[in-house]
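Listed below are the residues making up each chain.
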Amino acid sequence: MSKVFEYFDKVGGAFGPSGREEQVRELLASLATPYVDEVSTDVLGNLICHKKGNGKKILMAAHMDSIGIVATYIDDKGFIRFSQVGGLFKGDLINIQVRFANGTRGVISYEEKTPFKDLTMAELFLDIGASSREEAEKRVRVGDFAVFEAPRFEQDGVLCGPYLDNRIGCVTLLLAMEQLAPTDNDLYFVFTTQEEVGLRGAGTAAFAVAPDFAIAVDVTDTGDTPERKYPMAVKMGAGPTVKVMDSSVLCAPRIREALEHAAEELVIPVQREILQFGGTDTAALQRSRSGVPAGAISIPTRYIHSPSEMCATADVERAAALLARTVCDTLG
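**Looking at the pairing of strand β11 (residues 158–161)**
The two faces of β11 match: V158 and C160 on one face and L159 and G161 on the other face are all buried. As defined by bridge partners, strand β10 (residues 153–155) adjoins β11 across three bridges and the pair is classed as antiparallel. Paired with E154 across the two strands is L159, which belongs to β11. Bridge analysis of β11 against strand β18 (residues 309–312) gives four bridges, and the strand direction is antiparallel. Note on β18: the bridge partner recorded for L159 is C311.

Spelled out as structure tokens, the structure:
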């Protein structure tokens, strides 16, 4: 079992949908404390881990929230209707298990009278095995959040499980903390909240820290599965990616060049990433205050926002080494 999986198995299983990140934050704080000088939490719940220095102020961000569902209505027979928290795809939801904060589990299914091709979220429901509204309300109330419940495993250098997005980014920050070289730079490792519902935590954290540079760590899509609808020059296992742009941000050339230079020094393979759909905390970091030179490292990940996301262990290890070298040496 790799150190990457040890960390992921811990933080990946913590309950933490957007706006309900307390359990994840407490766990990350305990894991990060030995490697930094200060650990604090801001008003929006961002976890800010500070390694003090007198040089350039560099903020590294990985969001700790996950997508999920929220109960919106319970019918007379005890079936629960729900809304999405973050981006969900109906094809990933049929007959999967979910778990509420109190441990209650259920299965998402759909109204069979509706042809599968015509399904929308409105035809999906959650079954917790209750026989009435009264019985269901003993376990679940309107406004309760739930997350995917699925196994996590490591096999032949590949990780699989729910919420690699973006607990694997959090793991990358933890691994980078462990291998920091002596540096004058003033380093902030920030585990952000509510990324999946609009990059909300990253913006407030960056405003407070006022960094000279910022680097986000998140997952990115791949183009290496059969018959992809949209071609993409990213492969799982071929190294972490250095983001060039996505639908919300154009990364600062200085950050991209610093990351690629560090990769050359470490002899780490990296890929350039252009993500046509979606975005990350990078955009919120870039727009903070009067603007921040921002870039991103991404972990190539298949089946994003499903209960069975997949990435390569080596890509995570390389991303952590790349981040540590860049913030300690290349940027400054």
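**Some thoughts on the pattern of salt bridges**
Inspection of the entire model under this criterion finds 16 salt bridges. Between E111 and R81 there is a salt bridge whose closest N-O contact spans 2.7 Å. One end of the pair, E111, is in the loop between β7 (105–110) and β8 (124–127); the other, R81, is in strand β5 (residues 80–85), and 30 residues separate them in sequence. Residue R81 is classed as partly exposed on the basis of its relative accessible area of 25%. Between E149 and R99 there is a salt bridge whose closest N-O contact spans 2.8 Å. Separated by 50 residues along the polypeptide, E149 in the loop between β9 (145–148) and β10 and R99 in strand β6 (residues 97–100) bring together distant segments of the chain. We classify R99 as buried; its relative accessible area is 13%. A single network of salt bridges, built from pairs that share partners, joins R99, R105 and E149.

**Quick look at the sheet that holds β11**
Spatial strand order, β10-β11-β18: three strands in an open sheet with antiparallel pairing. Strands with a single pairing partner mark the edges of an open sheet, and in this sheet they are β10 and β18. Sheet twist, expressed as the mean angle between neighbouring strand axes with direction ignored, is 20°. Along the sheet face, helix α4 (residues 164–178) touches β11 and β18 and points at about 30° away from the line of β18.

Rules of the game
Residues numbered from 1 in each chain as written. Predicted model: local features only at pLDDT ≥ 70, side-chain atom pairs only at ≥ 80, totals over all residues. Heavy atoms only, no water. Buried < 20%, exposed > 50% of the residue type's maximum accessible area, 1.4 Å probe, protein only. Helix = DSSP H or I, 4+ residues; strand = E, 2+ residues; numbered from the N terminus. Pairing = 2+ DSSP bridges. Salt bridge = Lys/Arg side-chain N within 4 Å of Asp/Glu carboxyl O. Axes fitted to C-alpha atoms, helices over the stretch in contact; angles between N-to-C directions. Contact = heavy atoms within 4.5 Å.

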